[in-house]
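# An overview of the molecular structure
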Amino acid sequence: MATTKTDPKVSLVDNKKSCVYEGLTRDQLIECYRIMYTSRRIDDREILLKRQQKIFFQMSGAGHEGISVAAGMALKTGYDWFYPYYRDRALCLALGAKPLEMLLQAVGAADDPSSGGRQMPSHWGYRRLNVVTQSSTTGPQILQAVGCAEAGRYFARRPKAAEVPPSRNGEKLDYRQFKDVAFRGDEVTYVSLGDGTTSEGEFWEAMNAAALGKLPVIFVVQDNGYAISVPVEVQTAGGSISRLVAGFPNFHFEEVDGTDPVASYGAFQRATQYCREGHGPAFIHAHVIRPYSHSLSDDERLYRPDTERERDAARDPVSRTQMFLLREGILDEKGINDLEKKVEEELQIAVDQALAALPPAPESVLQYVYSPDLDPASAAFDTRALAGPDSADGKKPVAKTMADLINTTLRDEMKRDERIVIFGEDVADCSREEYLKCKLVKGKGGVFKLTFGLQNEFGTDRVFNSPLAEAAIVGRAIGMATRGMKPVVEIQFFDYIWPAMMQIRDELSVIRWRSNNVFSCPVVIRVAIGGYLTGGAIYHSQCGESVFTHIPGLRVVFPSNALDAAGLLRTAIRCDDPVLFLEHKRLYRETFGRAPYPGPEYMIPFGKAKIVNPGTDLTVITYGAVVPRALQAAQKIEREHGVKVELIDLRCLNPFDWETIAASVAKTNRALVAYEDTLSWGYGAEIAARIADQLFDHLDAPVRRVAAADTFVAYQPILEDAILPQANDLFRAMKELAEY
């Protein structure tokens, strides 16, 4: 661990005889000032435009220009990777972003390269510069930067994984065909954040993951002393994040005056060298100022007195750098004036062009919610199961459980696609590899053993355990997938998915849309879900799929049997969208729904339901573990009352198969929607509402629902049976509806 501290109160380097300053030449220092001045003046222009109501929001990078320009000068454009935050205007300019591009975002223009008018200003994203699309949420980029660095290392060690497979019969049915991969053996990933963001748990999860992996990530905390109105001594114990992180192993630490571009450049040079040489991550704590309010929606005069604001103004990086150039004789007053005049002229042209730019077309709002290149609901994903050969004794192939077929599908896909990695809690066979090599242990492979044997077969760099941190699992996977990998991660129980919710809702699902199709992250998240466990209780038995079907951009799949699980999982892995793959725990090893393995190319299109039981008198729409219970009830009511139930297994919840539902209800004139989630505000409510809305003329009875009680799943089996929908509940509802 290396530590360098530069007193944040010291002045800029004072050495008139030196022609090089921490490695910066005089020409580079002039360029630094040009970028810093440009950054500040863009802020000022945007503020004016906002007050003229010509743009709709403004957030500045004022006071942060010194550390930002130093980062841009020290790192490599289009070589290293960048996860900046909203104060990093000068960084983006130093990397090659144009003022016009930033102003196009401010006016919300269609030609805004960062988002096409979909994001507010200062939300950077430039594919050519390796600047990854940024969101407004606080800190999710940190874990993604860790995943980005992991991907760079993975491709460097497995370069063949970056190859793009050829299309088959002219069809592109593989996400890799839309994911060109670029990597460098000594690349570095930059991620920045404000001091307030260090209070987020994801910051600590990212620091831990980077330290564990000795990853080449430079964490830059730009500490301006405030998180909006909350001062650092209220935000951070002891008032110094440097003191709190000092115990992390494998790090290089720097603490620097971030208003001094020369000292900041020196800090970056040392940090970058440490990372490029493979020693581990680096941490730069930059003390900066915030001369403007948090944003134009904030008025800092309400919580900062004039004396404090004046003290900050004395450390303004732009004016200090200007004085430094004059004092060092690098530029004279005429040189400064000429430089600033040229910047002003260029900015005026850019402002005029931005204000004349066309806005996006209203009809474009649904573009890029999902991949425009690969539709997992298309017929191309509808492939036949292979008929397995009979055994020597003439018996048919052995029917396997859902757990067996998921494991085999993962194995075959990992053989086919070297970009696939699997990680999560307990998914590896054994993290202490020597135990496996010496055959001292058999290996675990997940709490339900669905990943058993995969680490042994494919290696620890492809199947590994993660720290117990759900947000870190998903956040790192997003960073990997952005670079072209295919992470298939596991959340051990659906009940524990909630720490990852911000990564799923605000990042995973929206990266393609918010970047206007420039970036994407087709992650697969496997999750064990559901009850009927006899003792699973509150924290191992819940459903809640409707929360996720409400998220645009996220595919949600919920198979009820082994064959469907295999086909849908393969589609999920090969498709170009993020997928939440829900696996019902009760169905893993049930007798119901077992099937022989359908072969390594078997797929099922998303959004195509299956008619489990044809009928003419009543339609039942369901999915998951309710399918076998509904089938039991349907068979009973036909046997006892002659009512023929058409049972539809949705299999996929987003998208879902409305055409099959509509055709069935038009035939039977009665509809029952059944689901394991709570009755109120559950997934089935949307199906019932749409039937009532669009098929009312076909109905001979009200649409009915059967679901769980509006409470939690209890431990005592008697209570669990009373809470969750049972076959008898479905039978009674079918009978009442048939008799209506």
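## A few points about the overall build of the chain
- Within the chain one finds 25 helices and 22 strands.
- Its C-alpha atoms give the chain a radius of gyration of 29 Å, near enough to 27 Å, the size a compact globule of 740 residues would have.
- C-alpha extents for the chain along the principal axes are approximately 100 × 65 × 55 Å.
- Burial status across the chain gives 59% buried among its 740 residues.
- Taking contacts inside the chain between residues at least 6 apart in sequence as the whole, the part at least 24 apart equals 80%.

## Here we look at the confidence of the model for the chain
- The share of residues in the chain with pLDDT of 70 or more is 96%, and the mean pLDDT across the chain is 95.
- Scored below 50 in pLDDT, residues 8–15 shows 24 contacts in the model against residues more than four places distant or in partner chains.

## Description of helix α21 (residues 626–641)
- With 16 residues, α21 should cover 22 Å at 1.5 Å per step; its first-to-last C-alpha distance of 21 Å lies within 8% of that length.
- Burial in α21 covers these residues: Val626, Val627, Pro628, Arg629, Ala630, Leu631, Ala633, Ala634 and Ile637.
- Looking at the buried side of α21, the elements it contacts are β17 (610–613), β18 (618–622), β19 (645–649), β21 (671–678) and α25 (727–739).
- Of the residues flanking the end of α21, it is Gly642, one or two places downstream, whose phi is positive at about 75 degrees.

## A short note on the packing of α21 against α25
- Close contact between α21 and α25 brings their axes to 8 Å; oriented N to C, the two are set at 50 degrees. When the axis of α21 is compared with that of α25, the two are oblique. The element α21 and its partner α25 pack so that their crossing is right-handed. The residues of α25 that touch α21, namely those facing Val626, Arg629, Ala630, Gln632, Ala633, Ala634, Lys636, Ile637, Glu640 and His641, are Ala727, Asn728, Leu730, Phe731, Met734 and Lys735.
- Tallied by class, residues from the contact of α21 with α25 come to nine nonpolar, three polar and four charged.

## As for the state of the cysteines
- Summed over all chains, the structure comprises zero disulfides.
- Not part of a disulfide, Cys32 finds its nearest cysteine sulfur in Cys92, a span of 15 Å.
- By relative accessible area, which is 1% here, Cys32 ends up buried.
- This cysteine, Cys543, is not joined by any disulfide, and Cys652 carries the nearest cysteine sulfur, 16 Å off.

## Brief notes about the nonpolar core
- Ranked by internal contacts, the top residues of the largest apolar core, which has 90 residues, are Phe219, Phe283, Ile504, Ile525, Phe548 and Ile691.
- Of all hydrophobic cores here, the second largest spans 63 residues; its members include Phe82, Ala90, Leu95 and Ala350.

## Side note on a nonpolar patch on the surface
- Nonpolar side chains collect at one region of the surface, where Tyr435, Leu440 and Val441 lie side by side and expose about 270 Å² of accessible area between them.
- Take Tyr435: it is sitting in helix α14 (residues 433–437).
- Tyr435 gets classed as partly exposed once you look at its relative accessible area, which sits at 31%.

## Considerations on the sheet that holds β18
- Here we have five strands laid out as an open sheet, ordered β17-β19-β18-β21-β22, and mixed in their pairing. Of all the strands in the sheet, the pair left with one neighbour each is β17 and β22 (704–708). For this sheet, the mean inter-axis angle between neighbouring strands, taken without regard to orientation, is 25 degrees.
- With five bridges joining them, β18 and β19 adopt parallel strand pairing. Looking at β19, one finds that Thr619 is bridged to Glu646.
- Here α21 sits on the sheet and contacts β17, β18, β19 and β21; the angle it forms with β19, its principal contact strand, is near 170 degrees.

## Some words on unusual backbone geometry
- Here Asn654 and Pro655 are connected by a cis peptide whose omega angle stands at 5 degrees.
- Relative to the elements of secondary structure, Pro655 occurs in the loop between β20 (652–654) and α22 (658–668).
- Despite not being glycine, Gln53 has its phi angle at roughly 60 degrees, a positive value.
- The topology assignment puts Gln53 in the loop between α1 (26–51) and α2 (65–74).

## Let's talk about helix α11 (residues 317–327)
- Among the residues making up α11, those that are buried are Pro317, Val318, Arg320, Thr321, Phe324 and Leu325. Mapping the buried residues of α11 onto a view down its axis gives an arc of 165 degrees, with all of them on the same face.
- Each element contacted by the buried residues of α11 is listed here: β2 (20–21), α1, α2, β9 (252–257), α9 (261–276) and α12 (333–356).
- By the N-cap criterion, in which a side-chain oxygen at the helix start approaches the backbone nitrogen of a residue two or three places on, α11 is capped by Asp316, the distance to Val318 being 2.9 Å.

## With respect to the packing of aromatic side chains
- Counted by the stated rule, this structure contains 24 aromatic pairs.
- Taking the centre distance of 5.8 Å and the plane angle of 50 degrees together, the rings of Tyr226 and Tyr303 count as tilted. Of the two residues, Tyr226 sits in strand β7 (residues 226–227) while Tyr303 sits in the loop between β10 (282–287) and α10 (306–313), which places them 77 residues apart along the sequence.
- For Tyr303, a relative accessible area of 22% puts it in the partly exposed group.
- One aromatic cluster is present, formed by Phe203, Trp204, Phe219, Phe248, Phe251, Phe253 and Phe283 through successive ring pairs.

## Some thoughts on the sheet that holds strand β16 (residues 579–584)
- In spatial order, the strands read β12-β11-β13-β14-β16-β15-β20; together these seven strands make up an open sheet with mixed pairing. Two strands lie at the open edges of the sheet, namely β12 (463–465) and β20, each paired on one side alone. Pairs of neighbouring strands in the sheet enclose a mean axial angle of 20 degrees, with direction left out of account.
- Sheet analysis places strand β15 (residues 555–557) next to β20, joined by two bridges and oriented antiparallel. Looking at the pairing, Val557 lines up with Cys652 of β20.
- Strands in contact with helix α13 (residues 402–416) are β11 (420–424), β12, β13 (486–491), β14 (524–529) and β16; relative to β11, the strand with the most contacts, it is inclined by about 135 degrees.

## Remarks on the packing of α2 against α9
- For the pair α2 and α9, interaxial distance at closest approach is 8 Å and the crossing angle is 45 degrees. Taken together, the axes of α2 and α9 lie oblique to each other. With respect to the hand of their crossing, α2 and α9 are arranged in right-handed fashion. Note on element contacts: α9 touches α2 through Pro261, Ser264, Tyr265, Phe268 and Gln269, opposite Gly66, Ile67, Val69, Ala70, Ala71, Met73 and Ala74.

## Here's the deal with the side chain of Glu545
- Along the polypeptide, Glu545 turns up in helix α19 (residues 545–549).
- Here Glu545 occupies a buried position and makes no salt bridge, while the nearest side chain of opposite charge, Lys585, is found at 10 Å.
- Discounting residues that sit within four places of it in the chain, Glu545 has contacts with Phe494, Ile529, Phe558, Leu582, Tyr623, Leu653 and Asp677.

## Points about the pairing of β21
- The buried fraction of β21 amounts to seven of the eight residues, a majority that puts the element mostly inside the structure.
- Relative to β21, β18 runs parallel, the two being bridged by three bridges. Paired with Val620 across the strands is Leu672, a residue of β21.
- With four bridges joining them, β21 and β22 adopt parallel strand pairing. Its bridge partner lying in β22, Ala674 is registered against Val706.
- Chirality of the crossover, the property in question, places the unit of β21, helix α23 (residues 683–694) and β22 among those that are right-handed.

Conventions and cut-offs
- Sequence order as written defines residue numbering, which begins from 1 separately in each chain.
- Local features in a predicted model are, by the rule used here, given only for residues with pLDDT of at least 70; side-chain atom pairs are given and counted only at 80 or more, and totals for whole chains, interfaces and linings are based on all residues.
- Only hydrogens and water are removed before side-chain values are computed, so all heavy atoms of the structure are retained for them.
- Secondary structure elements follow DSSP: runs of H or I of four or more residues count as helices, runs of E of two or more count as strands, with numbering from the N terminus.
- Every radius of gyration here is taken over C-alpha atoms, with the globule rule written as 2.2 Å times N^0.38, N being the number of residues.
- Relative accessibility under 20% of the residue-type maximum defines a buried residue, over 50% an exposed one, and the middle range a partly exposed one, all with a 1.4 Å probe and only protein chains included.
- The criterion used for residue contact is that any of the two residues' heavy atoms lie within 4.5 Å.
- Residue-level confidence of the predictor is summarised by pLDDT, bounded by 0 at the bottom and 100 at the top.
- A helix's residues, less one, multiplied by 1.5 Å, set its expected span.
- Angles here are taken between N-to-C directions and fall from 0 to 180 degrees, while the axes themselves are lines fitted to C-alpha atoms, restricted in helices to the stretch in contact.
- In what follows, roughly perpendicular refers to angles from 65 to 115 degrees, roughly parallel to angles under 35, roughly antiparallel to angles over 145, and oblique to any angle outside these ranges.
- Two helices cross in a left-handed way if the nearer one is turned anticlockwise from the farther one by less than a right angle. They cross in a right-handed way if the turn is clockwise.
- In the scheme used here, Gly and all other residues not listed as nonpolar or charged are polar, with Ala, Val, Leu, Ile, Met, Phe, Trp, Tyr, Cys and Pro taken as nonpolar and Asp, Glu, Lys and Arg as charged.
- In what follows, a disulfide is any cysteine sulfur pair within 2.5 Å.
- The definition of a nonpolar core used throughout is a set of buried Ala, Val, Leu, Ile, Met, Phe, Trp, Tyr and Cys residues joined through side-chain atoms within 4.5 Å.
- Patches in this entry comprise residues that are over 30% relatively accessible and not in a salt bridge; like charges within 9 Å are linked, as are nonpolar side chains (Val, Leu, Ile, Met, Phe, Trp, Tyr) within 5 Å.
- Method for areas: the Shrake-Rupley scheme with a 1.4 Å probe, in which residue coverage is limited to the protein chains shown.
- Any carboxyl oxygen of Asp or Glu within 4 Å of a side-chain nitrogen of Lys or Arg constitutes a salt bridge here.
- We treat two strands as partners when DSSP finds at least two bridges between them.
- The directions considered for the arc are those from the helix axis to the C-beta atoms.
- Any N or O atom pair separated by 3.5 Å or less is treated as a polar contact, with the protein-specific requirement of one donor-capable and one acceptor-capable atom, and with residues adjacent in sequence counted only for side-chain atom pairs.
- Only the six-membered ring of Trp is used, alongside the rings of Phe and Tyr, when aromatic pairs are assigned; centres must lie within 6.5 Å, and planes under 30 degrees apart are stacked while those over 60 apart are edge-to-face, with the rest tilted.
- Under the counting rule used here, the positive set is Lys and Arg, the negative set is Asp and Glu, and His together with the chain ends is not counted.
- Crossovers are marked right-handed if the path from the first strand over the helix to the second runs clockwise, as seen with the strands pointing away from the viewer.

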